[in-house]
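Inside the fold
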Amino acid sequence: MYINNKWIDTKDTLEILNPATGEVVDSVGLVGAEETQQAIDAAKAAFPVWSGLTAEDRSTYLLKIVDKLEEKKEHLAQVITKEMGKSIHNARYEVGSTISFYKWYAEEARRIYGDVMPIVGANKRGHVIKQPVGVVAAITPWNFPLSMGARKLAPALAVGCTVVLKPSSEAPLSSLELFKIFDEVGLPEGVVNLVIGSSGPIAKTMMDSKDVKKISFTGSTEVGKKLIRQSADTVKRVSMELGGHAPYIVFEDADLDLAVKGVIGSKFASSGQQCVCTNRVYIQDAIYEEFAEKLQAAVESMKVGNGLDESNQMGSLINDKAIASVHDQVTDALGKGAKLLCGGDRLSGEGYENGSFYAPTILSNVTEDMKITHEETFGPVAPLIRFTTEEEAIEKANNTEYGLASYFYTKDLGRMYRVSEKLEYGMVGVNDPAPFAIQAPFGGVKESGLGRESGKYGVEDYLDTKSISVMF
Ligand code: NAP
């Protein structure tokens, strides 16, 4: 726990296990409501100091954080892989994206502009200024244990907010490493605070506090809805980055090799445990068999194992509970008539003895009555679904309460515009399995969330807009 720039030992501790080996990686202290309140008090006391600095000074602090992240980037990637099992390649990508967030918002700190209104009267002038909202509570998930925090902390700190972060207790070690960096950089007391422990009491303390002006959450839709309800009593600002169920549509005019490569990236990165991972693959009739064959060949050649081994493309799942949930969807689909093209079970035997590994899996002949077409799949399973017309593909793709990422492959320019505009999703990748960039807004519609992170859009949620009218 890190509160008011002090590391504090706690009575209760939790061992963090490497899901690829079952070995203990480290242990962390656990806190509850009382310590969370102390963290909020520290952040409240720090707010006038931090928000009172010049944008230039805050930017300089953020750039120092960038330098330290650069120095430690390989170490951070190793910590991520050990605490949650993704491949070292995916972990390095995550650290790179974390660095880009701190760098971008170090620059953005200097661009928090307001407006001057046209003259509203001979002796009256109007101005609009942007001000930091105050203390921010941030709650993050285990699947991107470092970068999901960066999307919140970097813009919040850039504009002058102070923060209490609660990372997931499944994978809190990279956050501890980050706070070591904050400590080395010497941020003013109380600007950043870290609490790890049981989510119930920590979140309740955050949500009940009138001093916490904003909650920024990334995680499941179920928990997000709960936090939205809890935010009502103190009318907090909310940012919600929630679950997804991304469709991936392959039209008959697509470059099939490109589309196959795209599914591998979009479905199997982080073992399928990403909010933006492909969850349903729709393939047009004429190319269904050919696409399925090519995909099967590519998936069967994937190397799976301990994420620290450079030769492995895919690592483990987070734990055995995740394996059970993925396997339940596969069993349900097979019971309702899906056909197994490859995978379909947990991996066992040499190299997999104590780890939570699931084989990369493809199911064909998937239909809408199967759980996998509606429930978020957090694992390496690609369900293939046949379609005939463009309208049918769009209708099926939109048939979900989620609206985060979506993808489609075509060479037809008109279709690129038509389908992009009709997909009810916050993000669309056209022939692009990773339509995410530091410059671009990231976020969902429908039950996938509220607000946007990243780029110039990412600061808005941490700013209040004030109107000032002056008469003279
Ligand atoms: P989760 O179970 O909702 O947990 C997310 C965070 O909320 C963790 O820190 C967790 O703490 C905490 N939490 C759990 N129950 C809570 C409660 N009742 N009140 C307050 N906080 C609570 O999600 P997850 O399993 O970690 O992450 C996977 C989910 O996140 C997926 O649905 C995925 O799609 C979504 N996600 C979305 C995005 C996005 O940008 N849209 C990005 C990544 C992930 P503990 O772990 O300590 O219990």
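What counts, and at which threshold
- Residues numbered from 1 in each chain as written.
- Predicted model: local features only at pLDDT ≥ 70, side-chain atom pairs only at ≥ 80, totals over all residues.
- Heavy atoms only, no water.
- Pairing = 2+ DSSP bridges.
- Helix = DSSP H or I, 4+ residues; strand = E, 2+ residues; numbered from the N terminus.
- Contact = heavy atoms within 4.5 Å.
- Near = heavy atom within 4 Å.
- Polar contact = N/O pair within 3.5 Å; in protein donor to acceptor, adjacent residues only side chain to side chain.
- Areas by Shrake-Rupley, 256 points an atom, 1.4 Å probe, with all protein chains shown as cover.
- Phe/Tyr/Trp six-rings, centres within 6.5 Å; stacked < 30°, edge-to-face > 60°.
- Buried < 20%, exposed > 50% of the residue type's maximum accessible area, 1.4 Å probe, protein only.
- Expected span 1.5 Å × (residues − 1).
- Bend = angle between axes of the 7 residues up to and from the residue.
- Axes fitted to C-alpha atoms, helices over the stretch in contact; angles between N-to-C directions.

To continue, consider the sheet that holds strand β6 (residues 124–132). Strand order in this open sheet of three strands is β5-β6-β20, and the pairing throughout is antiparallel. Two strands close off the open sheet at either side, each with one partner strand: β5 (115–116) and β20 (463–471). Bridge analysis of β5 against β6 gives two bridges, and the strand direction is antiparallel. In the strand pairing of β6, Asp115 is matched with Val128.

Structurally, Ser216 can be placed in strand β10 (residues 212–218). Ignoring sequence-local partners within four residues, the contact set of Ser216 consists of Ala137, Ala138, Ile139, Lys152, Ser239, Glu453 and Tyr462.

Our next topic: the site of the ligand. The ligand sits among 28 residues. The nearest are Thr140, Ser168, Ser169, Ser220 and Glu376. Between the ligand and Ser199, the relevant distance is 3.4 Å, taken from an oxygen atom to a side-chain nitrogen or oxygen of the residue. A distance of 3.4 Å separates an oxygen atom of the ligand from a polar atom in the backbone of Gly219. Protein chains bury 86% of the 900 Å² of accessible surface belonging to the ligand in isolation.

Attention now moves to the packing of aromatic side chains. In total, this model carries 12 aromatic pairs according to the counting rule given. A ring pair is formed by Tyr2 and Phe179, whose centres lie 5.8 Å apart and whose planes are at 70°; its orientation type is edge-to-face. Of this pair, Tyr2 sits in strand β1 (residues 2–3) while Phe179 is found in helix α6 (residues 173–185), placing the two residues 177 residues apart along the sequence. A relative accessible area of 1% places Tyr2 in the buried class. The buried category is assigned to Phe179, whose relative accessible area is 0%. Ring centres of Phe251 and Phe408 lie 6.2 Å apart, and the angle between their planes is 85°; this geometry places the pair in the edge-to-face category.

So, on to helix α1 (residues 33–52). Here α1 is 20 residues long and its end C-alpha atoms lie 29 Å apart, about the 28 Å a rise of 1.5 Å per residue gives. Maximal helix bending in α1 amounts to about 40°, located at Ala46; proline Pro48 follows within four positions.

Moving on to the sheet that holds strand β16 (residues 381–387). Two strands in a sheet stick together by hydrogen bonds in their backbones, pointing the same way (parallel) or opposite ways (antiparallel). The seven strands are arranged β14-β15-β16-β13-β12-β17-β18 in an open sheet whose pairing can be described as mixed. The open sheet has two free edges, formed respectively by β14 (339–342) and β18 (427–430), since each of these has just one partner strand. Averaged over all pairs of adjacent strands, the angle between strand axes in this sheet comes to 25°, irrespective of strand direction. In terms of strand pairing, β14 meets strand β15 (residues 361–364) through three bridges, oriented antiparallel. Within the sheet, the bridge partner assigned to Leu340 lies in β15 and is Leu363. Seen against the sheet, helix α12 (residues 390–398) touches β12 (246–250), β13 (278–284) and β16 and runs at an angle of roughly 140° to β16.

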